[in-house]
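# Descriptive analysis of the structure
So you can see what is in the structure, the chains are spelled out below.
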Amino acid sequence: MTSDLKYINKSLEKSFKILEILSKSIFPLKAAAISRKASMSRTTTFRLLFVLTQLGYIHKNNSSNTYTMGHKAFQFGETSDYLQSISETSREILEEVSNQTNLITYLAMLEGSQIVHSDKISHVNSDASHRSFRMRMDAHCCALGKVMLAYRPENEVSSIYKSYNFFPHTTNTIQNLTDLKKQLLQVRTQGYSLNHGEAYENTYGIGVAILDKDKRSFAGISLSGSRNIMNPKNTIDYVKLLQSASIKISKLIVDN
């Protein structure tokens, strides 16, 4: 019987090894670290990183020379282990935010052109105040998505939305990359993002990014409610509360 081992392609095997390493890290990695973790020569690692980057399965941040999973890789699944880990770490902090504001608090991560919610925390029902779930939403039409995109390199955003068809969820939804980039610049300048009924007509929100040591978003938190509940007079107070919570969560995760 002919062994199936003859069908194994070494380059393909090594490429998947690199993808596995990056998929298990929520923080960007330099080529040297990937080479070490994969037990590959730097020459081979650089060659495969280049190919995977060109194909869209890996993204390279040219300013820091680091690598993360690319937008195409997220078509195959979600980073559920990290979602669960961040959810558990953030639980008490997010419950405190929800209790102080009487608003629904969300936690999510960015996966390509979508966000994946990890938690929905509400003060209304104390028995179900913390509920893990996996709801996806287009990033361009919600506060959480826009604030996480704002703290990603511009070339990564361009890569994510290359050949992307912007779906107009409501009349307020951003409908092209030019307008999205303009708003992302504003979001990064002010440090938070707003959702004015862009995903659903009467749903408003405020989002703040959770950043790593390189000021790159790896998650985000938000407050959400109807237009009547989300009083604009309280926006700055809500932002300060979310930013404080974001810093606390970042310290718990990044420093460990």
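Residues numbered from 1 in each chain as written. Predicted model: local features only at pLDDT ≥ 70, side-chain atom pairs only at ≥ 80, totals over all residues. Heavy atoms only, no water.

## Remarks on the environment of His59
Residue placement: His59 occurs in strand 2 (residues 58-61). As a C-alpha pair, His59 and Asn155 span 96 residues in sequence and 8.9 Å in three-dimensional space. Leaving out residues up to four positions away in the same chain, His59 has contacts with Thr66, Tyr67, Thr68, Met69, Gly70, Pro153, Asn155 and Glu156. (Helix = DSSP H or I, 4+ residues; strand = E, 2+ residues; numbered from the N terminus. Contact = heavy atoms within 4.5 Å.)

## A word on the pattern of salt bridges
Per the counting criterion, the structure on display carries 6 salt bridges. A salt bridge links Glu198 to Lys146, with the shortest nitrogen-to-oxygen separation between them at 2.8 Å. Here Glu198 is found in the loop between strand 7 (193-196) and strand 8 (203-211), whereas its partner Lys146 is found in helix 5 (residues 143-150), with 52 residues between them in sequence. Like Lys146, Glu198 is buried. The residue Glu154 makes a salt bridge to Lys181 at a minimum N-O spacing of 3.4 Å. In this pair, Glu154 sits in helix 6 (residues 154-160) while Lys181 sits in helix 7 (residues 177-190), placing the two residues 27 residues apart along the sequence. (Salt bridge = Lys/Arg side-chain N within 4 Å of Asp/Glu carboxyl O. Buried < 20%, exposed > 50% of the residue type's maximum accessible area, 1.4 Å probe, protein only.)

## Details of helix 7
With 14 residues, helix 7 extends 20 Å from end C-alpha to end C-alpha; this agrees with the ideal 20 Å at 1.5 Å per step. Listing the buried residues of helix 7 in full gives Leu180, Leu184 and Val187. Projection of helix 7 onto a plane perpendicular to its axis shows the buried side chains occupying an angular sector of 60°, all on one side. For helix 7, the exposed residues lying more than 90 degrees away from the buried face are Thr178, Lys182, Leu185 and Thr189. Considering only its buried residues, helix 7 is in contact with helix 5, helix 6 and strand 7. Just downstream of helix 7, Gly191 is the residue with a positive phi angle, here 90°. (Expected span 1.5 Å × (residues − 1). Arc of directions from axis to C-beta.)

## Details of the nonpolar core
Judged by nonpolar contacts, the single largest core of 29 residues is most densely connected at Ile86, Phe218 and Ile221. Take this core: its biggest share by element is 8 residues, from helix 8 (residues 235-254). Ile86 has contacts with Ile26, Leu107, Met109, Phe218, Ala219 and Ile253, leaving out every residue within four places of it along the chain. (Core = buried A, V, L, I, M, F, W, Y, C linked by side-chain atoms within 4.5 Å.)

Treat this as a map of the structure, not an account of what it does.
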